[in-house]
Amino acid sequence: MEIPLTRGAGMGFRKGMARHHGGERLAGERPMRIASTRLPVFLLCMTGLFLWGGGANAGIPVPNPSFEEGEEGPDGWTLSGGTGAWLGEGASGARSVAVTGTGKTGDTHYWRSETLPLEAFSLYELRFQARRLDGAGGNPISGPVFCNRDLRELSEEWRGYRSIFITPSDLSPGSSWLRFGQWEAPGTIAYDDVQLFRVQPIYRTRGDLTLGAGERVIGTQYQFLAPLNALSRNHARPLERLTCYFNTGRLVFGGGNEVVYRHAAGDIEQQAAAIEVNIGHYTRGEVAAEVSTDGEHWIELGRMGSVGVHRFEVPEDCFPAQAVRVRFRSLSGGSLGTDSDFGAAQIYNYQYDAMLARAPGDLEGATSFASILEGDPRLKIVLEDLGDAIPGGGKMLRGTAVNLSQASITLEPALHILPEEGDATLVTGLGQSLAAGETWPFRIPYSLINAGKTKLVFTMGESAAFRAEVEFDIHPLHDIRYGEMLPASTNRAGLWRASSGWKVSQSRPLPEASAPALQIATARNEAEATQLVVRPSEPLRQFIAKCGPLAGPDGATIPEDHIEVLRVRYVPVSIPTDDSSVAGPWPDPLPPFQ
């Protein structure tokens, strides 16, 4: 039997049901029969981050952001109605604002900011703190009226929140404000410490293929699932135009509202495509589904005027096409209001599937966001590559700095790695005195170790008032703080062990620790397992291992017929059911090895 192993592939195998028939705990040192499958591993890069700012603080000015100023009430903020309070306590200062709801149907009100200097079709990050003083249920609401985020998880302790949103393409001063309040929420909810920053998206790139959150390529199939319930919310890489509202996982349409997505997989032509739309709420009118290959001439696929899943095939004469635009346009009357308007119709899910002319290699898209905390008007900073966002070494921050001033500037690039758990790390690159008008490419090698929340803060030294922050939430699947190398490892194939409870990612690098053998420790009549992971550096042929009886101390054994050899299979996950899983190949099924 000849079984190829792709270069660099990580293989996970689990040995199960090793039942103990002696009186001592056992350590198994005999090899087991295992098989391999083709598991491609790709180097994933995040590119295209353009960062620069004007002024010492690149944040968007929010009036009275901590609610400390005012006499009869907080300056710069107005209560829309209902019951509210200017509290004498806060998350970090002496003040905060609060709303108290009744929980009755239709009861909603909020604190509203003055008009903010927002720009149309631009990406922002909103940070604030919130807590619930009493009551339960209903929906605390936050953010701009065109992109509301419900805060169903509020507790009695102050907690920081981070929301990403993109402004509508037709943004007007009449909707350029923030609100913090409640919708049908009984009890009192408090808010404090509001900050607003301009951000840039960072997408996952391999070669000429760039994909964001919700996008993936598997073989010759391109797929997009709008990430309406992810951090991106109303933003996505394919998004080209947006005039509808967003409300916690739903696109909300009033009269004349529309959203346009442009779907492309690099320069690869598409040969066929279909779309699927879930209308989860409907009150009136219709939503037209249309496609275009040039952005000017549109073909109507159909109209949606009811709750349910609607499917449409893109006409054959649209292909081949390098890019396909999909537009959803409301044909109903009545514009959207400011008090959590349900609109005429709401899209809960949108999916686009296309067949590509060739297979560029499987890639799971991802989006991270870089917040510009401080900007220096003398500099133009371009971060071109951050590497992937999972633990391991060999990463390189690459970028370019341009001196826009008439004088030289000394730059000292540094990357502060701040994991939520574990020690902070400061990594510096080579400094440079940058002459007026000069362009300088800089590099900073770095590593990530811990899973969990991690911040990367990039600065340019004391002479440049510049600071950008990227925050990753690294899933435990990519944790590298476990596992031990085995003595049988060679340059051709790394062999290492892991306890049965770990989910092993296909991209997991080799561990640094070592162990003398695979081990299973179990009591009498107990079943236990271990995992052997194989990571070849070149294709392996006819790769097998034989499993015989396991030997333990004092002559105790587990016979071969009490050992079950299982193979870890990977399931492609498109939409994680909860935070315990992640999009991409997920190790889960354990069929017997044949």
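Described in the following lines is the structure provided in the data block. Not measured: the values here are computed from a predicted model. (Residues numbered from 1 in each chain as written. Predicted model: local features only at pLDDT ≥ 70, side-chain atom pairs only at ≥ 80, totals over all residues. Heavy atoms only, no water.)

### Focus on the environment of Gly255
Within the element layout of this structure, Gly255 appears in the loop between strand E18 (251-253) and strand E19 (258-263). Setting aside residues up to four positions removed in sequence, Gly255 forms contacts with Ser330, Ser332, Gly333, Gly334 and Ser335. (Helix = DSSP H or I, 4+ residues; strand = E, 2+ residues; numbered from the N terminus. Contact = heavy atoms within 4.5 Å.)

### A word on the nonpolar core
Of all hydrophobic cores here, the largest spans 83 residues; its most connected members are Ile275, Phe328, Tyr350 and Tyr352. Looking at which element gives the most residues to this core, the answer is strand E25 (residues 345-356), with 6 residues. Beyond its immediate chain neighbours, meaning those up to four positions away, Tyr352 contacts Tyr222, Gln223, Phe224, His263, Gln270, Ala273, Ala274, Ile275, Val324 and Val326. One finds Ile202, Ala370, Leu434 and Met460 within the second-largest nonpolar core, a separate group that totals 30 residues. (Core = buried A, V, L, I, M, F, W, Y, C linked by side-chain atoms within 4.5 Å. Buried < 20%, exposed > 50% of the residue type's maximum accessible area, 1.4 Å probe, protein only.)

### A short note on the sheet that holds strand E21 (residues 287-292)
By way of backbone hydrogen bonds, the strands of a sheet pair with one another, either parallel or antiparallel. Spatial ordering of the open sheet is given by E16-E19-E24-E21-E22, a layout of 5 strands whose pairing is antiparallel. Taken across any chain shown, the strands that pair with only one partner, and hence form the sheet edges, are strand E16 (239-242) and strand E22 (299-304). Averaged over all pairs of adjacent strands, the angle between their axes in this sheet comes to 15°, without regard to strand direction. Inspection of the sheet shows E19 paired to strand E24 (residues 324-330) by 6 bridges, in the antiparallel sense. For Val260, the partnering residue across the bridge sits in E24 and is Arg327. (Pairing = 2+ DSSP bridges. Axes fitted to C-alpha atoms, helices over the stretch in contact; angles between N-to-C directions.)

### Describing the pairing of strand E5 (residues 96-101)
Regular strands place side chains that alternate from one sheet face to the opposite one. With 5 of 6 residues buried, E5 lies mostly within the body of the structure. Taken together, the 5 bridges between strand E4 (residues 83-87) and E5 define a ladder with antiparallel strand orientation. Note on E5: the bridge partner recorded for Leu87 is Ser96. Examined bridge by bridge, E5 and strand E12 (residues 187-206) share 5 bridges and lie antiparallel to one another. Along E12, the bridge assignment pairs Ala98 with Ala190.

### Quick word on the packing of aromatic side chains
Using the criterion set out here, one finds 20 aromatic pairs in the structure. Between Phe146 and Phe165, the ring centres sit 5.8 Å apart and the planes meet at 65°, which makes this aromatic pair edge-to-face. A residue pair is termed long-range when its members are at least 10 positions apart, and Phe146 in the loop between strand E8 (139-144) and strand E9 (147-150) and Phe165 in strand E10 (residues 159-166) qualify at 19 residues. Of the two residues examined, Phe146 and Phe165, each falls in the buried class. Centre to centre, the rings of Trp183 and Phe342 are 5.9 Å apart; their planes meet at 65°, and the pair counts as edge-to-face. (Phe/Tyr/Trp six-rings, centres within 6.5 Å; stacked < 30°, edge-to-face > 60°.)

### Looking at unusual backbone geometry
The omega torsion of the bond from Phe319 to Pro320 falls at 0°, within 30 degrees of zero and hence cis. Inspection of the secondary structure puts Pro320 in the loop between strand E23 (308-313) and E24. One non-glycine residue, Phe67, lies in positive phi territory at about 60°. Checked against the element boundaries, Phe67 lands in the loop between strand E2 (45-51) and strand E3 (77-79). A relative accessible area of 0% means that Phe67 is categorised as buried. We note that Phe121 has phi near 45°; this positive angle belongs to a residue other than glycine. Locating Phe121 in the fold gives a position in the loop between strand E6 (108-113) and strand E7 (123-132). Exposure remark for Phe121: the relative accessible area of 30% places this residue in the partly exposed category.

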